[in-house]
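# A structural walkthrough
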Amino acid sequence: MEELTVKIWVDLGGSTLKILLDIPQKSTKPIIMSSRVIKLDDWLVSNRTVDILNIPPEADAIVRFGRCYYAVGKLAEQYASDVTNSIELKEPKQNTAIPKLLAIVGIIKQKYQLPTKFAVKLTLLLPFPEYQFVKDGGNNFSVDLKKALSNWEFRGEEYSVTLVNFTCKPEGSGLIMLRYQQQHNQQDWLINHKIAALMLGHRNTSILLYDRGIPSGYTNNLGFYQIIQTVIDSSLGQNAAALTQAIYKANDDISPNNPHIQALALTEGKSKRAELIRLVKAIASAQKNRWQQISSWAKLLVNDVDELIIGGGTALLYQKAIRETFHSTSLFWAVATENKPIPQIPPQPIEPSGNREEWEHKLLTAKPGQDALKAKQALEQYEQQQADYLEQLTEVEAALAREKLPQMQLQRQSQAMIEEIAQIFFSQELKSDEKYFRVTQFVDIYGVWSASEKD
């Protein structure tokens with residue numbers, strides 16, 4: 001019997017792991033989970049009491065490989081601290097990639113009741129410098145991963161999984177691939193243009209640049225987590241996870257009156273208002289300072305691109321700043337933006353019958369009295385219809401002109417892409433606001449998946 005082969009696409013985000021899963025004869029499924037990982041002491045592992053509880057694997061992801069135990073996702077959050085997360089976020093993603101990937105494979109195995117032995121084809125997104133390091137054979141990551149999968153343990157069960165194929169892609173490549181697919185028959189689109197993808201993430205900010213088909217990548221450490229750390233340092237002791245969630249939910253309404261911000265208060269009475277005002281000022285200052293650093297860095301790299309693709313969950317918080325900073329650049333939003341709805345083209349108006357000379361002649365030739373009054377009213381009605389027609393015609397012509405504007409075309413293509421991802425993977429499971437946040441997180445890995453499926 002042929003061994004089952006599972007295809008997995010993974011985006012190792014700084015805050016969340018985004019996974020697309022393809023099991024033969026089943027539809028592709030998304031999985032999202034916390035990216036926290038922490039090494040566990042043997043004593044903690046031996047004294048766990050979860051056996052009597054029916055806990056899903058994604059909430060209880062514990063991995064052993066070699067002599068070490070690791071908690072991943074929600075379980076890691078129970079044992080970890082904000083300090084350990086800050087340390088991890090400063091390290092290369094591949095340093096903690098193997099326990100995360102083992103946890104993902106273990107979750108898939110138990111969640112979908114796969115056989116004890118199966119094969120995996122893995123595609124992994126990494127920051128451009130790490131992608132180059134892995135791709136050029138500068139380290140033994142794929143060899144180490146293959147060895148780890150051959151003998152490991154997940155939630156007390158021993159597994160042996162075969163890694164039959166490993167592919168690595170740079171972060172932002174999914175955005176480029178999606179835009180390339182939208183060009184349809186323009187196979188030379190990348191060769192004839194300078195295209196950049198700006199990824200604003202939790203851990204860092206990166207740019208993937210294709211200059212007439214020649215790729216290059218740039219990454220810095222300017223991530224959203226640094227905003228959180230700055231705010232925590234000036235607060236009364238905020239929790240990083242709660243603060244992060246509140247800022248994303250509040251979006252551009254960072255004020256003491258926002259219920260998501262109010263829920264962060266640690267004091268009561270008169271002190272509460274003062275605490276919230278101080279907290280709001282700290283958030284606004286940290287966000288402004290971080291964007292000044294990001295934009296100064298990014299403008300030097302993308303100042304002459306034909307198109308700038310905006311991606312990453314943090315981009316949702318900087319929509320206005322991005323538009324102001326890159327006001328003369330064609331922007332494609334690979335995020336679920338809060339743009340006003342695109343105006344629809346009104347139907348072509350119907351021109352009134354007859355012409356002015358005809359109705360004037362009828363008035364001049366009408367008999368005095370009632371006939372002349374009716375002819376006058378008919379002429380006035382025609383003139384009003386003609387004025388309405390010209391006004392509607394102007395609206396149609398303006399709408400058609402807007403349709404031809406590059407930015408309008410980009411907006412339509414962006415919204416179509418977001419809706420497509422939402423329908424494929426998040427049609428019913430989530431509320432509308434959460435659904436589109438999840439879509440934004442998945443765009444990059446979706447682009448890689450989509451391109452590989454079309455190969």
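Above this text you will find the structure in question.
Values in this document were obtained by computation on a predicted structure and should not be read as measured data.

### So, the overall build of the protein chain
- Within the protein chain, the regular secondary structure consists of 16 helices and 15 strands.
- Taking 455 residues into account, the globule formula puts the C-alpha radius of gyration at 23 Å, and the protein chain, at 29 Å, lies well above it.
- Principal-axis analysis of the C-alpha atoms places the extent of the protein chain at approximately 110 × 65 × 50 Å.
- Within the span of the protein chain, comprising 455 residues, buried residues form 49% of the whole.
- Across the protein chain, the fraction of contacts at a sequence separation of at least 24, relative to all contacts at a separation of at least 6, is 65%.

### Regarding the side chain of serine 34
- Relative to the helices and strands, serine 34 resides in strand β3 (residues 29-34).
- Under the relative-accessibility criterion, serine 34 is labelled buried at 12%.
- Side chain to side chain, serine 34 and glutamate 77 meet in a polar contact 2.8 Å long.
- Apart from the residues lying within four places of it in its own chain, the contact partners of serine 34 are Ser15, Thr16, Leu17, Gly73, Lys74 and Glu77.

### Focus: the pattern of salt bridges
- In total, this model carries seven salt bridges according to the counting rule given.
- Ionic pairing is found between arginine 179 and glutamate 307, a salt bridge with its closest N-O pair at 2.5 Å. Remark: glutamate 307 occurs in strand β14 (residues 307-311) and arginine 179 occurs in helix α7 (residues 173-181); sequence separation between them is 128 residues.
- Overall, the relative accessible area of 2% leaves arginine 179 in the buried class.

### Some words on the pairing of strand β13 (residues 214-220)
- Pairing of strand β12 (residues 205-211) with β13, which is carried by seven bridges, proceeds in the antiparallel orientation. Looking across to β13, one finds that isoleucine 207 is bridged to tyrosine 218.

### Quick notes on the pairing of β12
- Summarising burial for β12: five of the seven residues are buried, a large majority.
- Where strand β11 (residues 194-200) lies against β12, seven bridges are found, and the strand directions are antiparallel. Note on β12: the bridge partner recorded for methionine 199 is serine 206.
- The antiparallel pairing of β11 with β12 creates a hairpin that spans four residues between the two strands.

### What about the packing of helix α8 (residues 224-233) against helix α9 (residues 240-250)?
- Interhelical geometry of α8 versus α9 gives an angle of 115° and a closest axis separation of 10 Å. The orientation of α8 relative to α9 falls into the category roughly perpendicular. Note on packing geometry: the crossing formed by α8 with α9 is right-handed. Two secondary-structure elements touch here, α8 through Phe224, Ile228, Val231 and Ile232 and α9 through Ala240, Leu243, Thr244, Ile247 and Tyr248.
- Here the contact of α8 with α9 is built from residues that sort into eight nonpolar, one polar and no charged.

### Let's talk about the sheet that holds strand β10 (residues 162-170)
- Strand order in the open sheet formed by five strands is β3-β2-β1-β7-β10, with mixed pairing between adjacent strands. Where the open sheet ends on each side, the last strands, each with one partner, are β3 and β10. For this sheet the average axis-to-axis angle between neighbouring strands, irrespective of direction, equals 20°.
- The sheet contact formed by strand β7 (residues 119-126) and β10 spans eight bridges and is parallel. Each bridged residue has a counterpart across the sheet, and for leucine 124 the counterpart in β10 is cysteine 168.
- Of the strands in this sheet, β7 and β10 are in contact with helix α5 (residues 128-135), which crosses β10 at around 135°.

### Some words on unusual backbone geometry
- Unusually for a residue other than glycine, glutamine 113 sits at a positive phi of about 50°.
- In this structure, glutamine 113 sits in the loop between α4 (97-111) and β7.
- Under the relative-accessibility criterion, glutamine 113 is labelled exposed at 72%.
- Located in the positive-phi region is arginine 155, a residue other than glycine, with phi close to 50°.

### Let's talk about α9
- Along α9, the residues classified as buried are Ala240, Leu243, Thr244, Ala246, Ile247, Tyr248 and Ala250.
- By the N-cap criterion, in which a side-chain oxygen at the helix start approaches the backbone nitrogen of a residue two or three places on, α9 is capped by asparagine 239, the distance to alanine 241 being 3.0 Å.
- Immediately downstream of α9, the backbone of asparagine 251 shows phi near 55°, a positive value.

### Quick look at the side chain of serine 206
- As for its placement among the helices and strands, serine 206 is situated in strand β12.
- Classification of serine 206 by relative accessible area gives buried; the value is 4%.
- Excluding residues that lie within four positions of it along the chain, serine 206 makes contacts with Glu171, Ala197, Leu198, Met199, Tyr218, Thr219 and Trp297.

Rules of the game
- Residues numbered from 1 in each chain as written.
- Predicted model: local features only at pLDDT ≥ 70, side-chain atom pairs only at ≥ 80, totals over all residues.
- Heavy atoms only, no water.
- Helix = DSSP H or I, 4+ residues; strand = E, 2+ residues; numbered from the N terminus.
- Rg over C-alpha atoms; globule rule 2.2 N^0.38 Å.
- Buried < 20%, exposed > 50% of the residue type's maximum accessible area, 1.4 Å probe, protein only.
- Contact = heavy atoms within 4.5 Å.
- Polar contact = N/O pair within 3.5 Å; in protein donor to acceptor, adjacent residues only side chain to side chain.
- Salt bridge = Lys/Arg side-chain N within 4 Å of Asp/Glu carboxyl O.
- Pairing = 2+ DSSP bridges.
- Axes fitted to C-alpha atoms, helices over the stretch in contact; angles between N-to-C directions.
- Parallel < 35°, antiparallel > 145°, perpendicular 65-115°, else oblique.
- Left-handed = near helix turned anticlockwise from the far one by under 90°.
- Nonpolar A, V, L, I, M, F, W, Y, C, P; charged D, E, K, R; others polar.

Just distances and angles here, no functional claims.
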